[in-house]
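Per-entry structural report
These are the residues of each chain, in order.
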Amino acid sequence: STAGGDVVVINGTNFGPKGTVAIGRYQNNDPGALLSGASYIQRNCSVVVQSTVAECTTVAGVGAYHKWTITIASQRSAHSKDTTSYKPPEVLSLSRFSDRKTIVTLQTNGSQPVYVNGTNFGPVTISNASVESPSNQVNASYQNSHLLHLSGNLYRAFNCRVVIPHVQILCYSVAGVGYRQLWRVVVGLQESRADNDDANVTSSYLTPVIEHIQTGSLATLDSAGGDQVTLRGSNFGPANERNVVNA
């Protein structure tokens, strides 16, 4: 769990007598990992079997493939061959407000807040947010791959950050169109699973609204067609060649 509190059993040699206090450290040394590559330290590890077995309790964090070292009496071991990983994030629902109760519909011009609710999102810290490093930490995207043109585009939310430790992320939508778009998040370089059958983790852009029709100087339209009509309203989506519009 990204909240920590899980017991890790470390097997080795020369740990000393039972009850010896040890310091456990675990880290992914990938230079691009940021928070997931932080050195996590647990200072209250303990030898539970003389000389060969120690136990440590994990601290809050994110990421995967962390190698361990153990320090006893100021002597530090080499890195372990085995690794541990925090659980990957899981998206359970979406909401427009932090109360987690609203259906998510978005204006097509973007920049609307979306709260992503779930588990294993990690702690609240600047290094666990896309505002610091869009490519490496908390990221969110949404898509309905069954739709055509711009409606089926992979949209990437922006300014994502954890706002409630481990259970809620705040992101902002981008301009777009489409409906029933499935959300995924990446936390500590681990991606949430995708479940196309779960409506709770999808959002939709609002349907277009026609507010005014302009025909220029024409009072009536020619039945043969060919007259230009301008439609004004809202939620028509961005000016994009992939935004195919029919009327």
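Higher on the page you've got the structure.
Residues numbered from 1 in each chain as written. Predicted model: local features only at pLDDT ≥ 70, side-chain atom pairs only at ≥ 80, totals over all residues. Heavy atoms only, no water.

**Some details on the overall build of the protein**
To be explicit about the condition: In DSSP terms, a helix is any run of H or I states spanning at least four residues, a strand is any run of E spanning at least two, and both are numbered starting from the N terminus. Throughout, the radius of gyration refers to the C-alpha atoms, and the reference size of a globule is 2.2 Å times the residue count to the power 0.38. Between buried and exposed lies partly exposed: a residue is buried under 20% and exposed over 50% of the maximum accessible area for its type, with that area taken using a 1.4 Å probe on protein chains only. Note on contacts: a residue pair is in contact if any heavy atoms of the two residues lie within 4.5 Å. Every accessible area reported is derived by Shrake-Rupley at a probe size of 1.4 Å, with residue values counting cover from the shown protein chains alone. For the purpose of charge, His is not counted, nor are the chain termini; Lys and Arg are scored as positive and Asp and Glu as negative. Taken as the charge location is NZ of Lys, CZ of Arg, CG of Asp or CD of Glu.
For the protein, the count of helices and strands is zero helices and 19 strands. Its C-alpha radius of gyration of 26 Å places the protein more than 25% over the 18 Å reference for a compact globule of 247 residues. For the protein, the residues scored as buried account for 39% of the 247 residues in total. Taking the intrachain contacts of the protein between residues at least 6 apart in sequence as the baseline, contacts between residues at least 24 apart amount to 62%. Looking at the protein as shown, the accessible area adds up to about 13500 Å², and 50% of this sits on carbon and sulfur atoms. For the protein, the separation between the mean place of its 17 positive charges and that of its 15 negative charges on side chains is 12 Å.

**Description of unusual backbone geometry**
Even without being glycine, Asn14 reaches a positive phi, approximately 60°. Within the secondary structure, Asn14 sits in the loop between β1 (7-11) and β2 (21-27). A positive phi angle, close to 55°, is found at Asn159, a residue other than glycine.

**Re the pairing of strand β5 (residues 66-72)**
Formally: Pairing between strands is defined by DSSP: at least two bridges between them are needed.
Among the seven residues of β5, six are classified as buried, and the element is accordingly described as predominantly covered. In terms of strand pairing, β2 meets β5 through five bridges, oriented antiparallel. Bridge assignment links Tyr26 to a residue of β5, and that residue is Trp68. For β5 and strand β7 (residues 83-84), the ladder comprises two bridges, and the chain directions are antiparallel. Paired with His66 across the bridge in β7 is Thr84. As judged from the two bridges shared by β5 and strand β6 (residues 75-76), these two strands associate in the antiparallel manner. From the neighbouring strand, Ile72 faces β6, where its bridge partner is Gln75.

**Section: the state of the cysteines**
Two cysteines whose sulfur atoms are joined by a covalent bond form what is called a disulfide. As a reminder of what qualifies: Any two cysteine sulfur atoms within 2.5 Å of one another count as a disulfide.
Scanning all chains against the criterion turns up two disulfides. Each sulfur of the disulfide joining Cys160 and Cys171 lies 2.1 Å from the other. Since a negative S-S torsion denotes a left-handed disulfide, the Cys160-Cys171 link at about 120° is right-handed. Here Cys160, found in strand β13 (residues 158-164), pairs with Cys171, found in strand β14 (residues 168-172); they are 11 residues apart in sequence, far enough to count as distant. Pair check on accessibility: Cys160 and Cys171 agree, each one buried. Looking at the protein, its bonded cysteines, counted consecutively from the start of the sequence, adopt the pairing 1-2, 3-4.

**A short note on the sheet that holds strand β10 (residues 113-119)**
The cut-off we apply is this: Interaxial angles span 0 to 180 degrees and are taken between N-to-C directions of axes, which are lines fitted to C-alpha atoms, for helices over the stretch in contact.
In spatial order, the strands read β8-β10-β14-β13; together these four strands make up an open sheet with antiparallel pairing. Here the strands that pair on one side only, and so sit at the sheet edges, are β8 (90-95) and β13. Averaged over all pairs of adjacent strands, the angle between their axes in this sheet comes to 30°, without regard to strand direction. The pairing of β13 with β14 spans four bridges and is classified as antiparallel. Its bridge partner lying in β14, Val162 is registered against Ile169.

**Here we look at the nonpolar core**
What counts is decided by this rule: Only buried residues count toward a nonpolar core, which is a set of Ala, Val, Leu, Ile, Met, Phe, Trp, Tyr and Cys residues joined through side-chain atoms within 4.5 Å.
Of all hydrophobic cores here, the largest spans 40 residues; its most connected members are Val116, Ile169 and Trp183. The element contributing the most residues to this core is strand β15 (residues 181-187), with four residues. Sequence-distant contacts of Trp183, defined by excluding residues within four places in its chain, comprise Val91, Leu94, Val114, Val116, Ala140, Ser141, Tyr142, Ala157, Cys171, Val201, Thr202 and Ser203.

**Quick notes on the layout of surface pockets**
Which entries qualify depends on this criterion: A cavity here means a set of 1 Å grid points, computed over protein atoms only, where a 1.4 Å probe fits but cannot escape. A pocket is an open set with protein on both sides within 12 Å along at least 5 of 7 lines, and lining residues have an atom within 4 Å of a point. Grid points are joined across faces, edges and corners, and a volume is the space filled by probe spheres set on the points. Residues were grouped as follows: Ala, Val, Leu, Ile, Met, Phe, Trp, Tyr, Cys and Pro as nonpolar; Asp, Glu, Lys and Arg as charged; and all remaining residues, including Gly, as polar.
Size it by volume and the largest pocket reaches roughly 590 Å³. In this structure, the largest pocket is lined by 24 residues; those nearest its centre are Val177, Pro208, Phe236, Asn243 and Val244. Here the lining of the largest pocket is built from residues that sort into 14 nonpolar, nine polar and one charged. The wall of the second largest pocket is formed by 23 residues, among which Ile10, Asn11, Phe15, Ile70 and Ser77 lie closest to the centre. Breaking the lining of the second largest pocket down by element, the ones donating at least two residues are β1, β5, β6 and β7. Looking at the lining of the second largest pocket element by element, the count peaks at five residues for β5.

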